[in-house]
Amino acid sequence: MSGDRDSRALDTVGWDGDAPTGHVRLVDQTLLPGEFVEIDCRDVPTVWEAIKSLRVRGAPAIGIAAAFGAVLGGQPAVGRGLEAVRSAVKAAGDHLRTSRPTAVNLFWALDRIDRVADSETTGDAVAFLERLLAEARAITEEDKAMCRSIGRHGAALIGPGQGVLTHCNAGGLATADYGTALAVVFAAHEQGTPLRVFADETRPLLQGARLTAWELQRRGIPVTLICDNMAAQVMKEGKVDLVVVGADRIAANGDAANKIGTYGVALLAKAHGIPFYVAAPSSTFDLTLEDGSSIPIEQRDPREVTHGFGRATAPEGVDVYNPAFDVTPAGLIEGIITERGIIRPVNADTVAEVLGISRPVVKDYRLV
Ligand code: MRU
């Protein structure tokens, strides 16, 4: 390993080339674990579709993809000067904001691009677009550093020989390269702590089975795949010592939205006396929301439930409800592992203290 990079790091999403002619490159996660394919996105609609269809997914990764996507949006306007590029980039960002509603990292990253776009008033159009690309690259590099730091803070929570249950995928594929919940596991493993991960398969789109199991296997970390409805039994059998999951949006009081099913896992953990941790960077906090009740929950296509992976598994025309996320109340969370330290106990005061902000929450305030 040199510095913070290692050979197993995943280049989940990035940019190839210069600002006026380059493109977004991302791992198409819908094809995993069967195929590892990188795709090039050369216009905004392609990036929008990649986010919507979960080719790129996971809160930090979609924020990074959107930031690069906004740069793509400025390319056709380069010949028309700085003002034209600025409005094209902003229009691209506005469109990308409509791709998925729950993960706040998407809006946080686009807000950063907008702020830079607003602050540059002089220079030529190419230099302006290069400046925006530099901001998108900075978001990517900061995410890598935040994930490594989350791993460092969380590794000690896992004792030798312990079982760790996780839900969905909060690994390298969901971030710039190292993950959040899985960063804790990776860091403990790298420190020589023997452990076993129980990966919930994560119905309906199987991020746990397809992505988390794949990531852990490729790093040589023992992993046991279970169906979501097996978690209670596995806990009752004493195989799980702690739960660590990621998050898509965390309110000021610590209520945390994550993949549908996470709330149920938190309740099960409470019932079995197992500590339940959330791992997330500061870019996942939405301090404009006092609690989780107003976190927007994405509703997805019923066919993900009735026709998962190409085969009808329910009668034609059946009514389906398919929320993609749920909110775990702060009271069920033992601690939130951030790049700035562990928030524990979880409440509005400790969130503000660890993130280094003062209460009360200011509307429209975004952590930078
Ligand atoms: O619908 P997805 O696959 O984008 O949902 C992802 C999750 O719920 C992750 O747990 C979350 O984004 C954290 S990723 C570090």
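Residues numbered from 1 in each chain as written. Predicted model: local features only at pLDDT ≥ 70, side-chain atom pairs only at ≥ 80, totals over all residues. Heavy atoms only, no water.

Concerning the overall build of the chain
So, point 1. Looking only at helices and strands, one finds 11 helices and 14 strands in the chain.
So, point 2. Here the chain has a C-alpha radius of gyration of 20 Å; the compact-globule value for 368 residues is 21 Å, and the two agree.
So, point 3. The principal-axis extent of the C-alpha atoms belonging to the chain is close to 65 × 50 × 45 Å.
So, point 4. Here the chain holds 368 residues, and 58% of them are scored as buried.
So, point 5. Considering only contacts in the chain between residues 6 or more positions apart, those separated by 24 or more positions represent 76%.
So, point 6. Roughly 14300 Å² of accessible area belongs to the chain as shown, and the carbon and sulfur atoms make up 53% of that amount. (Helix = DSSP H or I, 4+ residues; strand = E, 2+ residues; numbered from the N terminus. Rg over C-alpha atoms; globule rule 2.2 N^0.38 Å. Buried < 20%, exposed > 50% of the residue type's maximum accessible area, 1.4 Å probe, protein only. Contact = heavy atoms within 4.5 Å. Areas by Shrake-Rupley, 256 points an atom, 1.4 Å probe, with all protein chains shown as cover.)

Side note on the domain arrangement of the chain
So, point 1. Under the domain assignment used here, the chain contains domain 1 (13-147) and domain 2 (156-355).
So, point 2. Taking the mean C-alpha position of each, domain 1 and domain 2 sit 26 Å from one another.
So, point 3. Each partner contributes to the interface: domain 1 provides 28 residues, whereas domain 2 provides 34 residues.
So, point 4. Summing both sides of the interface, domain 1 and domain 2 together bury roughly 2500 Å²; the carbon and sulfur share of this comes to 58%.
So, point 5. Considering only the side of domain 1, the residues that lose the most area to domain 2 are Arg 57, Thr 102 and Cys 147, jointly responsible for 25% of the buried surface there.
So, point 6. The tally of links from domain 1 across to domain 2 stands at 1 salt bridge.
So, point 7. The salt bridge partner of Glu 298 is Arg 100, with a shortest N-O separation of 2.8 Å.
So, point 8. Counting only elements with at least two residues in the side of domain 1 that touches domain 2, the list comes to helix H2 (59-74), helix H4 (104-119) and helix H5 (125-154). (Domains from an automatic or database assignment. Buried area = accessible area lost by both parts, 1.4 Å probe. Salt bridge = Lys/Arg side-chain N within 4 Å of Asp/Glu carboxyl O.)

Examining helix H3 (residues 82-96)
So, point 1. Between its first and last C-alpha, H3 extends 21 Å over 15 residues, near the 21 Å set by a 1.5 Å rise per residue.
So, point 2. Among all positions of H3, only Leu 82, Ala 84, Val 85, Arg 86, Ala 88, Val 89, Ala 92, Gly 93 and Leu 96 are buried.
So, point 3. Packed against the buried residues of H3 are helix H1 (44-52), H2, H4 and H5. (Expected span 1.5 Å × (residues − 1).)

Digging into the site of the ligand
So, point 1. In the vicinity of the ligand, 19 residues are found, and the nearest of them are Arg 57, Arg 100, Asp 248, Asn 258 and Lys 259.
So, point 2. Taking Asp 248, its side chain carries an N or O atom lying 2.9 Å from an oxygen atom of the ligand.
So, point 3. Between the ligand and Lys 259 there is a distance of 2.7 Å, counted from an oxygen atom to a side-chain nitrogen or oxygen.
So, point 4. Out of a free accessible area of 420 Å², the ligand has 99% covered by protein chains.
So, point 5. When contributions to the shell around the ligand are tallied by element, the ones reaching two or more residues are H2 and strand S9 (256-259).
So, point 6. The residue makeup of the shell around the ligand, split by class, is 8 nonpolar, 7 polar and 4 charged. (Near = heavy atom within 4 Å. Polar contact = N/O pair within 3.5 Å; in protein donor to acceptor, adjacent residues only side chain to side chain. Nonpolar A, V, L, I, M, F, W, Y, C, P; charged D, E, K, R; others polar.)

Brief notes about the sheet that holds strand S2 (residues 23-27)
So, point 1. In space, the 3 strands of this open sheet follow the order S1-S2-S3, with antiparallel pairing throughout. Each edge of the sheet is formed by a strand with only one pairing partner; in this case those strands are strand S1 (13-16) and strand S3 (38-41). Strand-to-strand, the axes of this sheet are offset by a mean angle of 30°, without reference to chain direction.
So, point 2. As paired strands, S2 and S3 are joined by 4 bridges and run antiparallel to one another. Following the sheet pairing, Leu 26 is matched in S3 by Ile 39.
So, point 3. H2 contacts S1, S2 and S3 of the sheet and is inclined by roughly 25° relative to S1. (Pairing = 2+ DSSP bridges. Axes fitted to C-alpha atoms, helices over the stretch in contact; angles between N-to-C directions.)

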